[in-house]
Amino acid sequence: MAVSLKKGQKVDLTKTNPGLKKVLVGLGWDTNKYDGTHPFDLDSSVFMLGENGKVTGEGDFIFYNNKKHASDSVTHLGDNLTGEGTGDDEQVKVSLDKVPPQVHKIAFAVTIHDAASRSQNFGQVSNAFIRIANEESNQELIRYDLGEDFSVETAIVVGELYRHSGEWKFNAVGSGFGGGLAPLCRNFGLNVD
Amino acid sequence: MTVNPPGAAGRHFRSAVAEKRFAKPFYGGKNISVKENSLMNLMTDIGKRIPQPSQYGRLNVDTGEKIIHTGNIVLGSHLSVNQPVREIPRNRIPEASAPLADTGGPVPMKTGQKISLNQKVSDISRIVTALKWGAGNLRSGHDISVFMTDSANKTAEDNFIFYNHPASSCGSVLIGSDHGSGIKQHYDATVQMNLKLVPSHIQTLAITATIDERTFGQFRAASLGIIDAAAGKQVLSYSFAENLSEETAIVLAEIYRYKDEWRIAAIGRGFKGGLAALCENYGIEIENG
């Protein structure tokens, strides 16, 4: 049975699951049961951060156009354009043992593509979640349902894996941003136009 | 013709008596003369006392066919409505005069936003949901309805509240009423709500609207207001139609339980399939034809 987290909660990952090396991070959401001119397109992305909370370069930003980190530790499995169906809409594989030592945190974010021009935000997205599973056994270990935590935000740092005393932990961050992907990138030290 | 005496500032009073002419002492003993040959409503809103000693409130004179005066009354001069200040054809919706106490103004809501009603209104047993379609639009041809859904997002037949079944059996939802506040005169449609009477198995009250022969894209200026009837104040305002186009049935907002309180979510989205699509969305089967 997976541990269910609330916003801001932190939980052990490798300490309680000894030997865990490969995890699958699944992100899901439901959108747009209404008729309308603009479909929703949600994107997940990953920021690999140093101890200062910043990336060291563009290569530490893993998203649909840069699916694999140079270390081979983080792989984005691709963009789902519609968010249809239950279960994960997008998935990221993380090999914890391959994460470079200078990477202290791995932050997972979901953004709404073109949110401003389509007048969309997370208040119109339902059943959003992040879950961490053991990639080898497919056993779900941690789950955070975003539920009522968001409304007018267009970008959310859903959660982060982070190092703590030689182990990996997970933090259900749940912090929202307006303005989509760009302010999020700047927050993590990436220069974007 | 009977005209209620001016009460305390903030009260509305209204008379609707057919009479060709009346001349009656009005504020400060001034006379007001109205010549019209039809049913006449004299409606004053003295909620706004204007600082200048010669001015007092707002007056609308509505003959039932047209509004022949709307504006501030200036005491010290006779108001003659024989020469209309402006005429508003009856089939258009007049700009409502500011009907409610002005204490900070309503908070604007954005689509997708969620707000606690318990924290916004003084008494959740006295809420009015009020709608304006925006000036220049026709008064008829659209209906407001409320789906009272359970936690499985299903609506029992008796919990679909609409023009033909305007009152829920629990007394929590009453279409066309306003807790006796008189607020409904200032809006195109109102729904009276008493959230304390909502049965515990009901999770959501979905405020919806349907339209005949047009689409909601033609009502971009429409707005939804949440009124704290106990305080006589509009607390929330939502321009729900800004992103609508071809829809013929829309969800304006959903009022729902969250933990120990009631929240409102600004939805402002809908369907091209009319009432049937709404019913499907809220788990009601309807017969065709």
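A short tour of the structure in this document, coming up. (Residues numbered from 1 in each chain as written. Chains lettered and ligands numbered in written order. Predicted model: local features only at pLDDT ≥ 70, side-chain atom pairs only at ≥ 80, totals over all residues. Heavy atoms only, no water.)

Digging into the interface of chain B and chain A
And then number 1: Each partner contributes residues to the interface: chain B has 21 residues there, and chain A has 16 residues.
And then number 2: Both faces considered, chain B and chain A share a buried interface measuring about 1500 Å² in area, 44% of it formed by carbon and sulfur atoms.
And then number 3: Three residues stand out in chain B for area buried against chain A, namely Lys114(B), Arg269(B) and Phe271(B), and they jointly supply 36% of the buried area on that side.
And then number 4: In this structure, Lys114(B) engages Glu148(A) in a salt bridge whose closest nitrogen and oxygen atoms are separated by 4.0 Å.
And then number 5: Across the contact surface, chain B and chain A share nine residue pairs in polar contact (both at pLDDT 80 or more).
And then number 6: Counting residues per element, the ones that place at least two in the side of chain B that touches chain A are strand E19 (249-258) and strand E20 (261-271) of chain B. (Contact = heavy atoms within 4.5 Å. Buried area = accessible area lost by both parts, 1.4 Å probe. Salt bridge = Lys/Arg side-chain N within 4 Å of Asp/Glu carboxyl O. Polar contact = N/O pair within 3.5 Å; in protein donor to acceptor, adjacent residues only side chain to side chain. Helix = DSSP H or I, 4+ residues; strand = E, 2+ residues; numbered from the N terminus.)

Considering the environment of Pro100(A)
Residue and element names in this part refer to chain A.
And then number 1: Within the fold, Pro100 resides in the loop between strand E7 (90-95) and strand E8 (105-112).
And then number 2: In the structure, Pro100 is positioned 30 residues away from Ala70 in sequence and 9.7 Å away in space, judged by C-alpha atoms.
And then number 3: Apart from the residues within four sequence positions on either side, Pro100 is in contact with Met48, His69, Ser71, Ser73 and Arg163.

Remarks on unusual backbone geometry
And then number 1: In this model, Asp72(A) sits at a positive phi of 70°, which is unusual for a non-glycine residue.
And then number 2: Note on placement: Asp72(A) falls in the loop between strand E5 (61-62) and strand E6 (74-76).
And then number 3: Residue Asp72(A) is classed as partly exposed on the basis of its relative accessible area, which comes to 33%.
And then number 4: The backbone of Glu213(B) sits at a positive phi, close to 65°, despite the residue not being glycine.
And then number 5: Mapped onto the elements of the fold, Glu213(B) is located in the loop between strand E16 (202-211) and strand E17 (223-228). (Buried < 20%, exposed > 50% of the residue type's maximum accessible area, 1.4 Å probe, protein only.)

A look at the sheet that holds strand E3 (residues 22-31) of chain A
All names here are of chain A.
And then number 1: One open sheet accounts for six strands, arranged E1-E10-E9-E3-E7-E6; its pairing is mixed. For this open sheet the edge positions go to strand E1 (3-5) and E6, each flanked by a neighbour on one side alone. For this sheet, the mean angle separating the axes of adjacent strands, direction not counted, is 15°. (Pairing = 2+ DSSP bridges. Axes fitted to C-alpha atoms, helices over the stretch in contact; angles between N-to-C directions.)

Here's the deal with helix H1 (residues 274-281) of chain B
All names here are of chain B.
And then number 1: All buried positions along H1 are accounted for by Gly274, Ala277, Leu278, Cys279 and Asn281.
And then number 2: Elements that come into contact with the buried residues of H1 comprise strand E12 (142-150), E16, E19 and E20.
And then number 3: Looking one or two residues beyond H1, the residue adopting positive phi is Gly283, at roughly 70°.

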